[in-house]
Structure formats: structure tokens, C-alpha cells
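# Report on the structure
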Amino acid sequence: MGKTSIVRELGRRLEDDDWLFVFVDLEGAGSPEDAVADMAQAVCAHADVARRFADRAGRWFRHRFEEAGAAGFRFRVRSGLDTGSWRRLGERLFRECGRHDRSVLLALDELPIFLKRMLNEDGNPKRVDEFLSWLRGALQSMGDGAPVLLVSGSIGLEPLLRRVGLPDRINHLYTVRLPPWDRRTSVACIECLAESHDLDLGHGVARAVYETLGIGVPHHVQGFFARLRDYATMHGRRSVAVTDVRAVYLNDVLGPSGQADLMHWETRLGEALDDETFCLAMEILAEAATQGAFTPSARACLILLYSEVVDDSEARVAEALEVLVHDGYLTLAEDGYRFQLHLLRDWLAARFRDHHVPIEGRAGNDSPV
């Protein structure tokens, strides 16, 4: 959560240092042709680049650029692309970025979502392989003249490509993981927000917010403060106390008004996994939320329970755990997998505690432990 805001802020700061920032949102793309059309729209949003590119790109592109206007430009470009032409247009876009008198940062947001959509449509990784191989080759062939590439996504790119046997297609990229804020940073953020909104925080309020959440996911830290501020406003107060933190957490952060944020976690998990593996992932999360941890013995029982209804349940459980750890749902502890984010744990515990039967209890006499 919050990665797009970080990328855009990075771009803004680089533009202050005389860079050109090109941001491409690929979440809606379903094919290489879609992706290159999105790139063309983003690159040509910069008037100086667009004019020079139109002069060099030939009659086909110039006609679309001059006649369509901003609103219809992407549609017209996309309508003229096919399996042969998207590569050529993409490479021309990269070369034009390389010719610019400023350094260029090309940010491809939601690349994993785009690749996953192609996988879902085709059932095999051929087009994913073609697109990533082309992207790597096109940029590497430009050497130092290539735009700087930054890719980001709300589901993991590395686990996705490992599952389909293509991890080497991104070996030219460096992974940058942004950890949660620590206690000091989270507390400082809450105190700064309170000062800017003229809200008096009682002693220990900011620390209590951090400890209630468990870890400092920036989006949730700021969201918790917003709900504290609303709580004070609704009660005609200009201050909040430590005793208010728990009430706001239960009634607002975990309550109806906070459901959209929490559903984001489940929605993104469903986009990262196929249906059967997603079902196993939800079993793991329900177990960890209601029992405190997903233990090695629960893992063995889960594999056994599903061995007759899914293909290779052991591999699917391993895949689910890899994604759950990589994407921040769980962390490995001494006794198994646990939640770091108490907010997610408490939300899932409230959903499942009344009807989740512990996995080991369901295994019964067939339990391997």
C-alpha cells in the first residue's frame, strides 16, 4: 500500500533535479499491444517528446498524434498495433526517451498485475516471456542511453515469475523492498499530523496507535490518525486520550468505515494466486488469525486434507506461503507463521473465529502428527 504515491513523489523530486518522469499505469493492460499503447500515451504527454517523436515516427504515428487529440490518442494508437508492430513502436519510444536532453525515469506501475492478466487469459507463460524478454533486450541494447526503468506492483513480481519458470527475465533489475516504518517514525508522523490539524494528543496516544497496529504500514498509520480526528470531531473535542485509541480501533478502523482498506488485502491476494491456491492461502490466514500461528503440524495437516481435491497440495501450500510472506501478510516465527500487522490479524480473526475449525482438529485420525 502506498507504493504509487512513493513512485510519484520520487518522480516529482527528480523533476526538480531536471529529470523527465514518465509514469505508466499498466493495471488495465491485457496484452503487449495495450502496454505499449499505454507507454505511448504517457511518453507523448510530454509535449516536447511528442513533437520530436511524431516527426521521426512516420506517417502512421503522426496521423494519430495530430488528429486524435489527448482524449483519443491512446485508442487510435492501440487500434493500429498488432503482434508485429508493438515491438517497433516500443523501441522507438525508448530511443526517443534516450535522445532527450534530460535523464528519463520510466516507471511501469502494476507490471505484475498486467503479466498475471496475460497468464490468466492464455494459460501459459508464452506472451509473458515474449514481453519481458523484449523489454530487457530493448533497453539493454541502448546501453547508457536507455531510460532508467522502475517497475512496481501491489503483488509480487518475483514469486509470479518463479511459478512459471521465468525468474531470469528480470535478472537485470534490482529489488528494492520498502519495510514498514519503525516505532519512532510512526510516532513522529502521528504527532506531526496532530499538530497540523490542531488536535491535542494525550500522553502515549501516538505510541498506543503504533502498538495497536503492530507495525507501521504508512497507509494504516495515517488512516488510524484520520479516524481519531473524526472521532474527536464527532464528540465535539479537540483532544484524544489513550483510552480513545482502543474504541476507535474496534469501532472505526475495524468497523464498517474501515472495510474498504482491509478488503484490499484479500483482493490483491486473489489477484496473485489461482483459485485453488487462493483457497489454501485463506485457510492459512484463518488458522494463523484464530490460533495465533500457522504451525508446522497445521501445515502437514492442511497438505493431507487437500491432497485428494487439488493437484500437488504440498507445492500449492508452499506457493501460498511464499506469496503470503513476500507480500507482507505473514512472517516466519519460531512456532510457525504469524501476523506482524495486528490490524489484519484482528480483522480476519473477527471473520473466522466463530466458524473456523482448527486444521489439526479437522485432520482427525488421518493426521500425520
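This text follows the structure it describes.
Computed from a prediction, not measured in an experiment: that's the story for all the values here.

Our focus in this paragraph is the packing of helix α11 (residues 218-234) against helix α12 (residues 242-253). The description of two helices packed together rests on the angle between their axes and the distance between the axes. Where α11 meets α12, the closest approach of the two axes is 10 Å, and the angle between their N-to-C directions is 105°. Judged by the inter-axis angle, α11 sits roughly perpendicular to α12. Residues Phe224, Arg227, Leu228 and Tyr231 of α11 form the contact with α12, whose participating residues are Asp244, Val245, Val248, Tyr249, Asp252 and Val253. For the contact of α11 with α12, the class distribution of residues is 7 nonpolar, no polar and 3 charged.

The full count for this structure, using the stated rule, is 26 salt bridges. With its nearest N and O atoms 3.0 Å apart, the salt bridge here joins Lys3 to Asp109. Of this pair, Lys3 sits in helix α1 (residues 3-16) while Asp109 sits in strand β2 (residues 104-109); the two residues are 106 residues apart in sequence, bridging distant segments of the chain. Neither residue differs from the other here; Lys3 and Asp109 are each classed as buried. With a shortest N-O distance of 3.1 Å, Arg207 and Glu211 are connected by a salt bridge. Residue Arg207 and its partner Glu211 are both found in helix α10 (residues 205-213); the two are separated by 4 residues, about one turn of the helix. With a relative accessible area of 45%, Arg207 lands in the partly exposed category.

Core analysis: the largest hydrophobic core is formed by 64 residues, its most contacted members being Phe224, Leu269, Ile284, Leu285, Phe294, Leu330 and Leu348. Here this core gets 8 residues from one element, more than from any other, and that element is helix α14 (residues 275-291). Dropping the residues within four chain positions of it, Phe224 is found in contact with Val209, Thr212, Leu213, Val245, Val248, Tyr249 and Val253.

For the structure shown, the criterion picks out 8 aromatic pairs. Pairing Phe94 with Trp134 gives two aromatic rings, centres 5.5 Å apart and planes at 25°, and the pair type is stacked. In this pair, Phe94 sits in helix α5 (residues 85-99) while Trp134 sits in helix α7 (residues 126-140), placing the two residues 40 residues apart along the sequence. Accessibility assignment for this pair places Phe94 and Trp134 in one class, buried. Considering the side-chain rings of Trp265 and Tyr329, the 5.2 Å spacing of their centres and the 80° angle between planes classify their relative orientation as edge-to-face. On the criterion of sequence distance, the pair formed by Trp265 in helix α13 (residues 259-272) and Tyr329 in the loop between α16 (313-326) and β6 (331-333) is long-range, its members being 64 residues apart. Both residues of the pair, Trp265 and Tyr329, count as buried. Through a chain of ring-to-ring contacts, three or more aromatic side chains come together here, namely Trp86, Phe94, Phe114, Phe131 and Trp134.

The rules behind these values
- Residues numbered from 1 in each chain as written.
- Predicted model: local features only at pLDDT ≥ 70, side-chain atom pairs only at ≥ 80, totals over all residues.
- Heavy atoms only, no water.
- Axes fitted to C-alpha atoms, helices over the stretch in contact; angles between N-to-C directions.
- Helix = DSSP H or I, 4+ residues; strand = E, 2+ residues; numbered from the N terminus.
- Parallel < 35°, antiparallel > 145°, perpendicular 65-115°, else oblique.
- Contact = heavy atoms within 4.5 Å.
- Nonpolar A, V, L, I, M, F, W, Y, C, P; charged D, E, K, R; others polar.
- Salt bridge = Lys/Arg side-chain N within 4 Å of Asp/Glu carboxyl O.
- Buried < 20%, exposed > 50% of the residue type's maximum accessible area, 1.4 Å probe, protein only.
- Core = buried A, V, L, I, M, F, W, Y, C linked by side-chain atoms within 4.5 Å.
- Phe/Tyr/Trp six-rings, centres within 6.5 Å; stacked < 30°, edge-to-face > 60°.

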